[in-house]
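# Observations on the model geometry
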Amino acid sequence: MDGLRDIPLFDTFNEIKPIKKGMSGDRKYFVTTNGGERLLLRISDISELERKKSEYALIKKLSADIPMPKPVDFGVCGGGAEVYTLLTWIDGEEAETVVPKLSESEQYRIGKEAGRILKRIHDLAPADVSETWKERYFAVIDERLEAFRNEGERFAGWDIMLDYIESNRSLLDGRPQTYHHGDYHMGNLILSGGRVSVIDWHTVDFDNVGDPWYECNRIGLEYPYFASGQIDGYFGGSVPEEFWRLLAYYLSVSAIISIVWAKYFAPDRLKPVLNLNMDILKWFDNMKCSVPTWYKTIE
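Here's what I pulled together on the structure shown here. (Residues numbered from 1 in each chain as written. Predicted model: local features only at pLDDT ≥ 70, side-chain atom pairs only at ≥ 80, totals over all residues. Heavy atoms only, no water.)

Bringing the environment of V129 into the picture now. Position of V129 among the secondary structure elements: in the loop between α3 (104-124) and α4 (133-151). Placed 106 residues apart in sequence, V129 and F235 show a C-alpha to C-alpha distance of 24 Å. Excluding residues that lie within four positions of it along the chain, V129 makes contacts with R136, Q177 and V209. (Helix = DSSP H or I, 4+ residues; strand = E, 2+ residues; numbered from the N terminus. Contact = heavy atoms within 4.5 Å.)

Here it is as structure tokens:
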């Protein structure tokens, strides 16, 4: 804790509790102040300074319009060895805990609100990037696809999925790029009083910049009404055909490249990942139908 004493607000901290949950490499703390404020403190290595600085700037930019933690302070601590980010605390429960207990209509309503919020994020944060999204995406993905060809576990229909991926690269032509949340899934959506807030803006995927529709590859597919609501809320009307085709594309790529990752780094996840690949083939009728079978309409 001594390294935290460099934080200017440290003397106002009344209680500091470590938070163990989460995959991030940051150290996280729940902080209460003498004035009764509840805060989230994240500590990162100094090597993360520039990335964390950009992250904090994005939070400052969006927090006036998006239900999310508000920025409190940012700087260097630990005698210059660490970076701290201090944000307001969001009370509530994670959507992945609450949604399974809700009716289908409530799942859809919550999903719709989550979709509207995601659209606002993308509208508020256009990105100026010199390389096209297609160039940036395949610079990362091609190597992972090659790893699957060489080392991936086969499943029924793998060749159909791989052929769809290779034959539809042109779907990425001319796609716009925006800043991303980076990990927009049900575990990072907090429900309080029936309202949705977004937490954990700290995942780096393509430097958190890319095709806005790419962020839908983490949609809550295990709850079709929630997922359907998120899509309807995002578009606020009819869903363009181009979106469905890109959703099928991004879901397929994400699933098939996860096989090699699971094989080496999470063997207990390999079977579920293989099952997801086969589910995607069913949802899109062996990649012949663009609208997935799980898509539900309520309104």
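Right, let's get into the pattern of salt bridges. Inspection of the entire model under this criterion finds 23 salt bridges. Here R42 makes a salt bridge to D26, at a shortest N to O gap of 3.0 Å. Of this pair, R42 sits in strand β3 (residues 38-45) while D26 sits in the loop between β1 (13-19) and β2 (27-33), and the two are 16 residues apart along the sequence. The class of R42 is buried, set by a relative accessible area of 2%. Taking the relative accessible area as the measure of exposure, D26 reaches 12% and is therefore buried. Across the salt bridge formed by E55 and K52, the nearest N and O atoms sit 3.3 Å from each other. With E55 and K52 both in helix α1 (residues 49-62) and three residues apart, this pair spans about one turn of that helix. Side by side, E55 and K52 carry an identical accessibility label, which is buried. The network of salt bridges with common partners includes D26, R42, E48, R51, K52, E55 and D200. (Salt bridge = Lys/Arg side-chain N within 4 Å of Asp/Glu carboxyl O. Buried < 20%, exposed > 50% of the residue type's maximum accessible area, 1.4 Å probe, protein only.)

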